[in-house]
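Architecture at a glance
Read off the chains here:
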Amino acid sequence: MRSLIIASIIFTAPQFCLAISPEERGLEIVKEADKRDMGWKDQKSDTRMVLHNRHGQSSERKMHNRSLEMQGDGDKSLITFKHPKDVKGTSFLTFTHSTKADDQWIYLPAIARTKRISSNNKSGPFMGSEFAYEDLSSQEVDKYTYKYIKDEKLDGRDTFVIERFPAYKHSGYTKQIVHIDKEMYQPLKVVFFDRKNALYKTLYFRDYHQHLNQYWRANKMIMENHQTGKSTDLIWINIKFGNNFSENDFTKNSLKRSR
Amino acid sequence: MIARFTLLSLCFFCTPLMASEWSGNVSIEAQWFNHAPLFAGQSRNNLSLSASPEYFTSWENEKKSLTIEPFIRLDKNDSERSHFDIRELMFYSNHDSWEINAGIGKVFWGVTESQHLVDIVNQTDLIESLDAEEKLGQPMINVSFIRDWGNTDVFILPGFRTRTFPGKKGRLRTDPYISNNQEVYASSKEEKHIDYAARYNHTLDNWDIGLSYFYGTNREPEFVTGTDGKGNPVLVPFYKLLHQGGLDLQWVNEDWLWKLEAVHKRISGDSYNAYTFGFEYTLVGIAETDMDLGLISEYLYDTRGELASTLFQRDIMLGARLVFNDTQSSEILAGLILDPDSHEKLYSLEASTRLTDNWKLNVEARIFSGLLPSSNFYSLRDDDFLQVELLYYF
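All of these numbers come straight from a predicted model, not from anything done at the bench.

**Some words on the overall build of chain A**
The number of helices and strands found in chain A is 4 helices and 13 strands. For the C-alpha atoms alone, the extent of chain A along its principal axes is close to 65 × 45 × 30 Å. Residues classed as buried in chain A amount to 36% of the 259 residues present. Counted over contacts in chain A with a minimum sequence separation of 6, partners at least 24 positions apart contribute 42%.

**What to know about the interface of chain B and chain A**
Reports of interface size often rely on the accessible area that becomes lost once the parts have come together. Contacts between the two partners involve 36 residues from chain B, matched on the other side by 24 residues from chain A. Where the side of chain B that touches chain A is concerned, the elements lending two or more residues are β2 (45-59), β6 (138-147), β13 (241-253) and β14 (256-267) of chain B. When the residues that make up the side of chain B that touches chain A are grouped by side-chain class, the tally is 11 nonpolar, 12 polar and 13 charged.

**A word on the nonpolar core**
In terms of nonpolar packing, the biggest core is built from 31 residues, with Tyr146, Ile162, Ile180 and Met221 of chain A touching the most fellow members. Setting aside anything within four residues of it in sequence, one finds Ile180 of chain A in contact with Ile29, Ala33, Thr159, Phe160, Ile162, Tyr185, Gln186 and Pro187 of chain A. Counting residues in hydrophobic clusters, the runner-up holds 15 residues, among them Val118, Met140, Phe214 and Leu242 of chain B.

**Section: the environment of Asn243 of chain A**
All names here are of chain A. Considering the arrangement of structural elements, one finds Asn243 in the loop between β13 (231-241) and α4 (252-257). Residues Asn243 and Trp40, 203 residues apart in the sequence, show an inter-C-alpha distance of 11 Å. Sequence-distant contacts of Asn243, defined by excluding residues within four places in its chain, comprise Asp42 and Lys44.

**Section: the sheet that holds strand β12 (residues 233-239) of chain B**
With mixed pairing, the 3 strands of this open sheet are ordered in space as β8-β12-β11 (chain B). Every interior strand has two partners, whereas the edge strands, β8 (184-185) and β11 (222-227) of chain B, have only one.

**Here's the deal with the pairing of strand β10 (residues 187-194) of chain A**
Residue and element names in this part refer to chain A. Sheet analysis places strand β9 (residues 173-181) next to β10, joined by 7 bridges and oriented antiparallel. Bridging from a neighbouring strand, Tyr173 pairs with Asp194 of β10. Taking the residues that link successive antiparallel strands as the turn, the β9-β10 hairpin has 5 residues, and the phi of Tyr185 there is positive, at about 55°. Looking at chain direction, β10 and strand β11 (residues 199-211) are connected through 5 bridges and run antiparallel. Note that in β11 the partner of Phe192 across the bridge is Lys201. Hairpin connection from β10 to β11: 4 residues lie between these consecutive antiparallel strands, with Asn197 at a positive phi of about 65°.

**Quick look at unusual backbone geometry**
At the junction of His83 of chain A and Pro84 of chain A, the peptide bond is cis and its omega measures out at 0° in the coordinates. Summarising the element assignment, Pro84 of chain A is placed in the loop between β3 (76-83) and β4 (91-95). Cis peptide bonds are those with omega within 30 degrees of zero, and the linkage from Asp175 of chain B to Pro176 of chain B qualifies with -5°. The backbone of Asp207 of chain A shows a phi angle near 60°, a positive value even though the residue is not glycine. Positionally, Asp207 of chain A belongs in strand β11. Residue class for Asp207 of chain A comes out exposed when judged on the 11 C-beta atoms lying within 10 Å of it. Residues other than glycine seldom take positive phi values, yet Leu172 of chain B does so here, at roughly 60°. Here Leu172 of chain B shows up in the loop between β7 (150-158) and β8. The exposure class of Leu172 of chain B is buried, given the 22 C-beta atoms found within 10 Å.

**A look at helix α2 (residues 22-36) of chain A**
All names here are of chain A. Here α2 contains 15 residues, and its C-alpha end-to-end distance of 21 Å stays within 8% of the 21 Å for a straight helix at 1.5 Å per residue. For α2, the full list of buried residues reads Gly26, Leu27, Val30 and Ala33. Mapping the buried residues of α2 onto a view down its axis gives an arc of 120°, with all of them on the same face. Of the residues in α2, the exposed ones pointing more than 90 degrees away from the buried face are Lys31 and Lys35.

Definitions and cut-offs
Residues numbered from 1 in each chain as written. Chains lettered and ligands numbered in written order. Predicted model: local features only at pLDDT ≥ 70, side-chain atom pairs only at ≥ 80, totals over all residues. Helix = DSSP H or I, 4+ residues; strand = E, 2+ residues; numbered from the N terminus. Buried ≥ 20, exposed ≤ 12 C-beta atoms within 10 Å, placed from the backbone. Contact = placed C-beta atoms within 7 Å. Nonpolar A, V, L, I, M, F, W, Y, C, P; charged D, E, K, R; others polar. Core = buried A, V, L, I, M, F, W, Y, C linked by C-beta atoms within 7 Å. Pairing = 2+ DSSP bridges. Expected span 1.5 Å × (residues − 1). Arc of directions from axis to C-beta.

Written out as structure tokens, the structure is:
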């Protein structure tokens, strides 16, 4: 018990004694989250995306996702569409970078053509959904600057509330308010503000599961657009780690053969 | 029988981990021409059906796969446009640092939009579409080497496919029409000449670079005059051997994509160069909507000048691509190719939208304006058309 108290003094004292700034505190929390999520190596999953319009109609997309953790750079990912059938086999290859624009290519199976996508096109909707490309690409620490606001309870869980500001000048957002769960160090909710700083969208993370005794992944993400009344559910199925992916599985060649 | 045995034995060994599926589409296409036909037997409108099923199976964790994609079209007016092709019959095997594709397949090289100079492996199925983006399946053995310093592809291409052209009763044809079964070759091996190709491509930061070489039967024929069975004059395709060196280069800089394709061609002692240079500039989220507007401009140059057998000699292409980013994935691409000297113009419009999960609608229109009697394409002067295609995907 005593050692716990000492430990808590050692670990919590600097925050108060040295009075670190909210910016430093924000960065510290995000770096801790990043550290706890390091070493997952690779991941694959199937995803279902359900698009709801404000009249209650919905349409569905199905994808297969593969990603590879990179050391010293952003992650690599490959997304292949399965449904609707007319876009079946259409794939996106993304090399995310923390400090410069991501590299991205699209493969169009009907004409067997691989096309580069201009790097600013990240704020637009992903396949007509309420998710933008930038919401789905890997969340590197350097992609934002941060500011710690407060601690708050959200749905009975203890969270840090942090504001983050996109470092990327072509982002569709000026600000995001993130609730980070204190136990999992994963986001539970993100509120997005558009380029005019008006309330834009809210993203909820639901049904977290822990993989390999370390990595927390939400099985469901819900994005609500407050300006249009539309929303998109993103449901993750068959999440699997330890696939022995290598960089050779994330090339323009693998983009072509991906199904 | 041997093929069947091989397929069966493949299946026998891999059944437990095999994933296989059928997909594809069937379509109905209607065309309306704005002017009365110039040639006897042609029609004012046309109806056409096509089917393109695809079978895919993979095993060993997708390290090996087999793809079979036949294609068939039935055309009301033009018996030449009714045709069957095997677009793909490809065995693929992945060995991490190298891959092999063997069978019949489809390969695309290049970066530009208005024409595809570098792209040479597959023959154009021109009868399918005037934009030359539909291709016939090419027999090939292709080995890819994947290294940190780039990908290298080597191709052996046995078996030449002749370009498809509209028949006597088809619209969008030459005058006289092109015979589809009398082709002649410069090589004594004719269509059995084995062609070779290689391509190196790499991504360096914001650059995509491709260097390619091809030796074999030119995909683009020259023409000699002849007669058909009834004594009518025809143009007979004449295929020569070609050495082609190609470069494709793309530089992405924020909203800009800069593109260059250049080829050096040597055909029986004559050589010439051609290039396409241009950009695509994307305006993201125009007028506070979700729509993106891409502005495209390319310059097309061919050192043969007016002797060139293509429409594009010293021409300018201007285009606009409107992407709606809606749930129906709606898109409109409007384009214009103009010859600044002769003022000949080719307008085009392509639009597509998804109607339901399974149905898709494509609309295409082309207008030929100011074609001169000296132009290779003078015979298309009254062939302005509107085409509506309804596709069912399964």
